[in-house]
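Here is what each chain is made of, one letter per residue.
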Amino acid sequence: MAGNLCFFFILLCLLSQSTARANPLPNPNRNSDFNSSNLLSAHDELKTNGFPVGLLPMNVLEYSLNRTSGDFSVNLDGSCKITLPPDNYLATYSKKITGKLVEGKIAKLEGIRVWAFFKWWSITGIRSTGDNLVFEVGGITAKYPSKNFDDIPACEGRHSSS
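Residues numbered from 1 in each chain as written. Predicted model: local features only at pLDDT ≥ 70, side-chain atom pairs only at ≥ 80, totals over all residues. Heavy atoms only, no water.

Once that is clear, we can look at the overall build of the protein chain. Secondary structure summary: the protein chain contains two helices and nine strands in total. The buried share among the 162 residues of the protein chain stands at 46%. In the protein chain, of all internal contacts separated by at least 6 residues, the share reaching a separation of at least 24 is 50%. A total accessible area of about 8600 Å² is found for the protein chain, and carbon and sulfur atoms account for 51% of it. (Helix = DSSP H or I, 4+ residues; strand = E, 2+ residues; numbered from the N terminus. Buried < 20%, exposed > 50% of the residue type's maximum accessible area, 1.4 Å probe, protein only. Contact = heavy atoms within 4.5 Å. Areas by Shrake-Rupley, 256 points an atom, 1.4 Å probe, with all protein chains shown as cover.)

We now examine the environment of Tyr144. With respect to the secondary-structure elements, Tyr144 resides in strand β9 (residues 140-145). For Tyr144, a relative accessible area of 4% corresponds to the buried category.

For Glu136, the position within the fold is in strand β8 (residues 132-137). Given the relative accessible area of 15%, Glu136 is considered buried. A polar side-chain atom of Glu136 sits 2.9 Å from a polar atom in the side chain of Arg127. (Polar contact = N/O pair within 3.5 Å; in protein donor to acceptor, adjacent residues only side chain to side chain.)

Take the pattern of salt bridges next. This model, assessed by the stated rule, comprises three salt bridges. Residues Lys100 and Asp71 are paired through a salt bridge, measuring 4.0 Å at the closest nitrogen-oxygen approach. Of this pair, Lys100 sits in strand β4 (residues 89-102) while Asp71 sits in strand β2 (residues 71-76), and the two are 29 residues apart along the sequence. For Asp71, a relative accessible area of 39% puts it in the partly exposed group. (Salt bridge = Lys/Arg side-chain N within 4 Å of Asp/Glu carboxyl O.)

A full pass over the atoms with the stated rule returns two aromatic pairs. Consider the rings of Phe135 and Phe149, whose centres lie 5.5 Å apart with planes at 45°: the pair is tilted. Taken together, the positions of Phe135 in strand β8 and Phe149 in the segment after β9 put the pair 14 residues apart, joining distant regions of the chain. Here Lys119 stacks its cationic end above the ring of Trp121, 4.5 Å away from the centre of that ring. (Phe/Tyr/Trp six-rings, centres within 6.5 Å; stacked < 30°, edge-to-face > 60°. Lys NZ or Arg CZ within 6 Å of the ring centre and 35° of its normal.)

Grouped together as the largest cluster of nonpolar side chains are 30 residues, with contacts concentrated most on Leu55, Ile97, Ile106 and Ile126. Those elements that provide at least two residues to this core are α2 (42-48), β1 (60-65), β2, β3 (80-84), β4, β5 (105-116), β8 and β9. (Core = buried A, V, L, I, M, F, W, Y, C linked by side-chain atoms within 4.5 Å.)

What follows deals with unusual backbone geometry. It is generally the case that most residues other than glycine have a negative phi and that most peptide bonds are trans. Of note, the phi angle at Lys108 is positive, near 50°, even though the residue is not glycine. Tracing the chain through its elements places Lys108 in strand β5. Classification of Lys108 as exposed rests on a relative accessible area of 65%.

As a further point, take the state of the cysteines. Per the counting criterion, the structure on display carries one disulfide. The disulfide that involves Cys80 links it to Cys155, with 1.9 Å between the sulfurs. The sign of the -110° torsion about the S-S bond sets the Cys80-Cys155 disulfide as left-handed. Highlighted residues: Cys80 in strand β3 and Cys155 in the segment after β9, separated in sequence by 75 residues. Taken individually, Cys80 and Cys155 each receive the classification buried, so the pair is uniform in this respect. (Disulfide = S-S within 2.5 Å.)

Set out below in structure tokens:
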């Protein structure tokens, strides 16, 4: 059962990508206690630390990253729901996502959940192992190709302002 849950969870995470490419929204860190010399977007910060940009949705407003401790906070313009194809599983991002980022690992992750087996499951960590991502849900892990997260997903029910 634990193996099936892990596989299902990772499958859901893997499928959370959007089919359309999108440019990251500008969200430079302007807090002087954090990185202010390098004005990268939160999506660029993921790439810099060995992760694909599709781990965060398109609606990022701002982020902060303490380069010494790795503690980060990402603020979205609201909570975000994404339906994961092909089986229509639901993933949610809270308005605020927090954790600890070091190259190749996101730990103490809070704010991302997936609906599986009639229950919400929190993703607690993500590790990058080169071509793969290992998702952690408590003590359970599952591995998926990182290329499945190359696209930034759009939140459901939102329209571009073009």
